[in-house]
Amino acid sequence: MAKEAAGSSGGPQPERPSGPGVAPDNLMVKCPKCKEILYSRDWEKNLKVCSRCNYHFRLTAHERVSLLLDPGSFVELDAAMVSVDPLNFVSRSQSYAAKLQEERAKVGLNEAAIRGYGTIEGLPLSLAVMDFRFIGGSMGSVVGEKVTRAIELGLERRWPVLVVSTSGGARMQEGFYSLLQMAKTVAALARLSEARIPYFSLITDPTTGGVTASFAMLGDVILAEPGALIAFAGPRVIEQFMHVKLPEGTVNSEFVLQHGMIDAVVHRRELRATLARLLRLYKVPEAERAQQSAPAAQSSVEAATLLSRQPAQSRAEVGGGQDGLRS
Amino acid sequence: MVYDLEFEKPLAELEKRIASLQRKGERLRPEEHVQLQEYERELRRRTEEIYRSLTAWQTVQVARHKDRPYTADFIHLMCEEFFELHGDRRVGDDQAIIGGPALFNGETVMIIGHEKGRGMREKMYHNNGMPHPEGYHKAIRLMEQAEKFGYPVICLVDTQGAFLGLEDEERGQGSAIAASLYAMARLRVPIIAAVIGEGGSGGALAISVADRLLMLEYSIYTVAAPEAAASIIWRDKVYAPQTAEAMRISARELYALGLIDELVPEPLGGAHHNHRLAAENLKMALIHHLQELRQIPVDRLVQMRYEKYRAVGPFGFAS
Ligand SMILES: [Zn+2]
């Protein structure tokens, strides 16, 4: 369930933080958690983490990429991909098409996720990174497609896949199409898993709804930043639904760690090194001989039909051909 | 027949007149007999007329009607035999999802569905069809069992959504739904899902990743309940009807968009007017699709399922 961007006070500058508490001038920022006034320069040097209370401010997708990847290694793909408003969604005379244009201008991105590839300490990976500023990081067809393509690139190149989530959930304005993105991304992950390629999920503040209930919670390793809201239903939703009041910060990274839903809570300054360790540990196994290394649906079908048609003796050749393709 | 929804008032009026004439029984005068027949014709005509052009919000009312047949009713009416399996083998037994092996048209299938329960006590027992994580874990257990024995899986979808409590977060509602989607994406037996009432959000999707998705004529499938969607977009539930309209949630509209495989006709005035006929219609559709799916080799089946979901969701490129 996508909340509209709660703190879209960032204005037109795409690199400003989107979280609440950003002061109007660029010299100082106020920590929304402990209310400390921080010097922008110190705060940025501290990777936008409050030096007093450790609050992790929200990062934009591009800030996240600079934080995690080797400098200059990121190659963005499908940056121009946009929603086509499949339902011609208009509610109370506000159109989704207009909303999309507004968001694009305001955020400086075409959608709520970017995707591409790069390296961490020299090790390659395919990744998709979400951005909460764009309609609350909600997942419509474009976000679903970009995450799926990130997974497919991992399949094709046999690179590990990383998805950095921050999302209010499915995008209401694309209706059932949005919901089905959950199934689409998960189906792609099932293929990645069958090809024995590792998938790392990094969950950041806030991540709720359909993203929590799909790819975010399916990592071979699931990491989260400290204090991030991570839930299927966020506290506000639970409060409305159950008519109860929850204490602040009930459902967060530490909570889901304690309940066995994720593997580790990692401070922002340790994230890059942690991912590098994981990339070193989770060596991608060779593709199985008879199995396909390519993600292309058609080619695996063709291979299957081919295999079943070939007489027994020539099967090895088909397998050999696969090896040739892979190298 | 009982017409009790707001937009059915004209029908209820006619129904009352019919009932009062019928009460006279033998004492009915010839001209009253003619009148009765006329009323009955009129009722049928008006019902058809109203139900042909239900608004999205009216469809929501029908899909949620308290007398609509539920999963247990459909199982009872469609299957020769059914043995309910309980429990997720971890924490408990969530009665918001029921399921087990059933004899369906002479063959064993695994039936799994949300059960809302009728009346206060049953509704509490079944948590009004809103599953906890245990419900999804039970569903996964049943699906994997079906795969082991080569039984097709039939899922009946009818929920407002997964339950949203703190305990559900503790036990991993998100993980449970994700795990179910994952299991269905690669399950090596045919899967047919049929929405019989409300397909609400991820809680419904979790048991409807399928080779074929059918919907009863007046059922709905929503990314979030219209009330929830309205409070997300407008921060106010009162805009639920408009939001429902804009989201295109009715079976008919989803069929027109090509997002579902079949629209299963309902009896006149909705499934709640005739459970038996509703079940017959659904059974016929299920048999038809099962027969088709059984012809497909399993590798091909899983491949086609993948391609179907892979292709969903249009997008463009900004120039
Ligand atoms: Zn602070």
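The name an unreviewed UniProt entry assigns to chain B is Acetyl-coenzyme A carboxylase carboxyl transferase subunit alpha, from the organism Thermogemmatispora tikiterensis. Recorded under Catalytic activity (unreviewed entry), the UniProt text for chain B is reproduced unchanged: "N(6)-carboxybiotinyl-L-lysyl-[protein] + acetyl-CoA = N(6)-biotinyl-L-lysyl-[protein] + malonyl-CoA". Regarding chain B, the UniProt comment filed under Subcellular location (unreviewed entry) reads as follows: "Cytoplasm".

Per an unreviewed UniProt entry, chain A is named Acetyl-coenzyme A carboxylase carboxyl transferase subunit beta, and its organism is Thermogemmatispora tikiterensis. Reading the Catalytic activity (unreviewed entry) entry of the UniProt record for chain A gives the comment "N(6)-carboxybiotinyl-L-lysyl-[protein] + acetyl-CoA = N(6)-biotinyl-L-lysyl-[protein] + malonyl-CoA". Turning to chain A, the UniProt annotation filed under Sequence similarities (unreviewed entry) states: "Belongs to the AccD/PCCB family."

**Student:** Before we go on, may I ask you to explain the overall build of chain A in this structure?
**Tutor:** When its secondary structure is counted, chain A shows 11 helices and 12 strands. The proportion of buried residues among the 327 residues of chain A is 59%. Taking all contacts inside chain A whose residues are at least 6 apart in sequence as the whole, residues at least 24 apart take part in 70%. About 13100 Å² of surface is accessible on chain A, with carbon and sulfur atoms providing 53% of the total.

**Student:** Can you walk me through the confidence of the model for chain A in this structure?
**Tutor:** Parts of the model with low pLDDT should not have their predicted coordinates read in detail. Residue and element names in this part refer to chain A. Mean pLDDT for chain A: 85, with 80% of residues reaching 70 or above. pLDDT under 50 marks residues 1–18. Its contacts with residues more than four places away, or in other chains, come to 68 contacts. Every residue in residues 293–327 scores below 50 in pLDDT, and together they form 35 contacts with partners more than four places removed in sequence or on other chains.

**Student:** Where do I start with the side chain of Glu 217 of chain B in this structure?
**Tutor:** Residue and element names in this part refer to chain B. With respect to the secondary-structure elements, Glu 217 resides in the loop between strand 6 (212–216) and strand 7 (220–222). Among the residues examined, Glu 217 registers a relative accessible area of 18% and is labelled buried. Side chain to side chain, Glu 217 and Tyr 218 meet in a polar contact 3.4 Å long. Apart from the residues lying within four places of it in its own chain, the contact partners of Glu 217 are Ala 251, Arg 252, Leu 263, Val 264, Pro 265 and Glu 266.

**Student:** How should the coordination of the zinc ion be read in this particular structure?
**Tutor:** By definition of the ideal shapes, four donors in a tetrahedron about a metal sit 109.5 degrees apart, and six donors in an octahedron sit 90 or 180 degrees apart. Residue and element names in this part refer to chain A. Taken together, Cys 31 (SG), Cys 34 (SG), Cys 50 (SG) and Cys 53 (SG) make up the full set of protein donors to the zinc ion, lying 2.2 to 2.4 Å away. The coordination sphere of the zinc ion comprises 4 donor atoms, whose angles at the metal cover 106 to 113°; the geometry is tetrahedral. Spacing between the donor residues of the zinc ion along the chain follows C-x2-C-x15-C-x2-C. Residue Cys 31 is located in the loop between strand 1 (28–30) and strand 2 (37–39), and its partner Cys 50 is located in the loop between helix 1 (40–45) and helix 2 (61–68); the two are separated by 19 residues in the primary sequence. For the residue pair Cys 31 and Cys 50, the accessibility class agrees, reading buried in each case.

**Student:** How should I be thinking about empty space enclosed by the protein in this particular structure?
**Tutor:** The gaps of empty space that remain are located by a probe, the size of a water molecule, rolled over the atoms. Residue and element names in this part refer to chain A. For the structure shown, the criterion picks out 5 cavities of 30 Å³ or more. Roughly 100 Å³ of internal volume is contained in the largest cavity. As for the largest cavity, its lining consists of 17 residues, of which Arg 58, Leu 59, Arg 64, Thr 204 and Asp 205 are closest to the centre. For the lining of the largest cavity, the elements supplying multiple residues, two or more each, are helix 2, strand 8 (123–130), strand 9 (161–167) and strand 10 (199–207). Partitioned by chemical class, the residues of the lining of the largest cavity number 8 nonpolar, 4 polar and 5 charged.

**Student:** Help me understand the UniProt feature "zinc finger region: C4-type" (unreviewed entry) in chain A, please; the structure alone is not making it clear to me.
**Tutor:** Here, the residues flagged by UniProt with the feature "zinc finger region: C4-type" (unreviewed entry) are residues 31–53 of chain A. Helix makes up 26% of residues 31–53 of chain A and strand 13%. Its end C-alpha atoms lie 9 Å apart.

**Student:** Help me out: how do you make sense of helix 4 (residues 141–157) of chain A in this one?
**Tutor:** Given 3.6 residues per turn, any residue in an α-helix points the same way as the ones three and four places further on. Residue and element names in this part refer to chain A. The end-to-end C-alpha distance of helix 4 is 24 Å, a good match for the 24 Å that 17 residues give at a rise of 1.5 Å each. Burial within helix 4 is extensive, with 14 of its 17 residues counted as buried. Directly beyond the C-terminal end of helix 4, a positive phi value near 55° is found at Arg 158.

**Student:** Explain the pairing of strand 11 (residues 221–224) of chain A to me, please; I cannot follow it from the model alone.
**Tutor:** Both faces of the sheet carry side chains from a regular strand, because those side chains alternate between them. Residues and elements named next belong to chain A. Across the two faces of strand 11 the burial is the same, with Val 221 and Leu 223 and Ile 222 and Ala 224 all buried. Across 4 bridges, strand 10 lies against strand 11 in parallel orientation. Paired with Leu 202 across the two strands is Leu 223, which belongs to strand 11. Relative to strand 12 (residues 264–265), strand 11 is paired through 2 bridges, and the arrangement is parallel.

**Student:** Looking at this model, I keep getting lost on the interface of chain A and chain B. Mind explaining?
**Tutor:** Many authors give the size of an interface as the accessible area that is lost as the parts come together. Each partner contributes to the interface: chain A provides 68 residues, whereas chain B provides 56 residues. A buried area of about 5600 Å², summed over both sides, lies between chain A and chain B, and 71% of it is on carbon and sulfur atoms. Where chain A meets chain B, there are 3 salt bridges. Of the charged contacts, one joins Arg 186 of chain B and Glu 194 of chain A as a salt bridge, the two residues approaching to 3.5 Å between their closest N and O atoms. In this assembly, chain A and chain B are joined by 15 residue pairs in polar contact (both at pLDDT 80 or more). Of the residues forming the side of chain A that touches chain B, the biggest block, 18 residues, is contributed by helix 5 (residues 175–194) of chain A. The class makeup of the residues in the side of chain A that touches chain B is 40 nonpolar, 16 polar and 12 charged. Of the strand pairs in this sheet, strand 4 (residues 81–83) of chain A and strand 9 (residues 315–317) of chain B are connected by 3 bridges, and their pairing is antiparallel.

**Student:** What exactly am I supposed to notice about the packing of helix 5 of chain A against helix 8 (residues 173–186) of chain B here?
**Tutor:** Helix-helix packing is described using two parameters, namely the angle between the two axes and the distance between the axes. Between helix 5 of chain A and helix 8 of chain B, the shortest axis-to-axis distance is 9 Å and the interhelical angle comes to 65°. Considering their axes alone, helix 5 of chain A and helix 8 of chain B lie roughly perpendicular with respect to each other. Helix 5 of chain A and helix 8 of chain B meet at a crossing whose hand is right-handed. Contact residues: Met 182, Val 186, Ala 187, Leu 189, Ala 190, Ser 193 and Glu 194 of chain A in helix 5 of chain A; Ile 177, Ala 178, Leu 181, Tyr 182, Ala 185 and Arg 186 of chain B in helix 8 of chain B. Tallied by class, the residues present in the contact of helix 5 of chain A with helix 8 of chain B amount to 10 nonpolar, 1 polar and 2 charged.

**Student:** Looking at this structure, how should I read the domain arrangement of chain A?
**Tutor:** Residue and element names in this part refer to chain A. Domain boundaries in chain A define domain 1 (28–57) and domain 2 (58–282). Each of domain 1 and domain 2 was reduced to a C-alpha centroid, and the two centroids are 24 Å apart. Of all residues in domain 1, Leu 47, His 56 and Phe 57 give up the largest surface area on contact with domain 2, accounting jointly for 65% of the area buried on that side. Scanning the region where domain 1 abuts domain 2 turns up 1 salt bridge. Across the pair Glu 63 and Lys 48 runs a salt bridge whose closest N-O atoms are separated by 2.4 Å. In this assembly, domain 1 and domain 2 are joined by 6 residue pairs in polar contact (both at pLDDT 80 or more). Of the residues in the side of domain 1 that touches domain 2, the class split is 4 nonpolar, 2 polar and 1 charged.

**Student:** Looking at this structure, how should I read unusual backbone geometry?
**Tutor:** A cis amide bond links Asp 205 of chain A with the next residue in sequence, Pro 206 of chain A, at an omega value of -20°. Position of Pro 206 of chain A relative to the elements: it lies in strand 10. If you check the backbone angles, Asn 88 of chain A has positive phi at about 45° while not being a glycine. If you trace the backbone, Asn 88 of chain A turns up in the loop between strand 4 and strand 5 (90–91). For Asn 88 of chain A, a relative accessible area of 57% translates into the label exposed. In this structure, Ser 201 of chain B is a non-glycine residue whose phi angle is positive, near 65°. As for its placement among the helices and strands, Ser 201 of chain B is situated in helix 9 (residues 201–205). Taking the relative accessible area as the measure of exposure, Ser 201 of chain B reaches 11% and is therefore buried.

Procedures and definitions
- Residues numbered from 1 in each chain as written.
- Chains lettered and ligands numbered in written order.
- Predicted model: local features only at pLDDT ≥ 70, side-chain atom pairs only at ≥ 80, totals over all residues.
- Heavy atoms only, no water.
- UniProt positions renumbered as here; feature names shortened; annotations may be inferred.
- Helix = DSSP H or I, 4+ residues; strand = E, 2+ residues; numbered from the N terminus.
- Buried < 20%, exposed > 50% of the residue type's maximum accessible area, 1.4 Å probe, protein only.
- Contact = heavy atoms within 4.5 Å.
- Areas by Shrake-Rupley, 256 points an atom, 1.4 Å probe, with all protein chains shown as cover.
- pLDDT = per-residue confidence, 0-100.
- Polar contact = N/O pair within 3.5 Å; in protein donor to acceptor, adjacent residues only side chain to side chain.
- Donors = N, O, S within 2.8 Å, 3.2 Å for Na, K, Ca; no water.
- Tetrahedral: all angles 85-135°; square planar, octahedral: opposite > 155°, others 65-115°.
- 1 Å grid on protein atoms, 1.4 Å probe; cavity = no way out; pocket = protein on both sides within 12 Å on 5 of 7 lines; lining within 4 Å.
- Points joined across faces, edges and corners; volume = space filled by probe spheres on them.
- Nonpolar A, V, L, I, M, F, W, Y, C, P; charged D, E, K, R; others polar.
- Expected span 1.5 Å × (residues − 1).
- Pairing = 2+ DSSP bridges.
- Buried area = accessible area lost by both parts, 1.4 Å probe.
- Salt bridge = Lys/Arg side-chain N within 4 Å of Asp/Glu carboxyl O.
- Axes fitted to C-alpha atoms, helices over the stretch in contact; angles between N-to-C directions.
- Parallel < 35°, antiparallel > 145°, perpendicular 65-115°, else oblique.
- Left-handed = near helix turned anticlockwise from the far one by under 90°.
- Domains from an automatic or database assignment.

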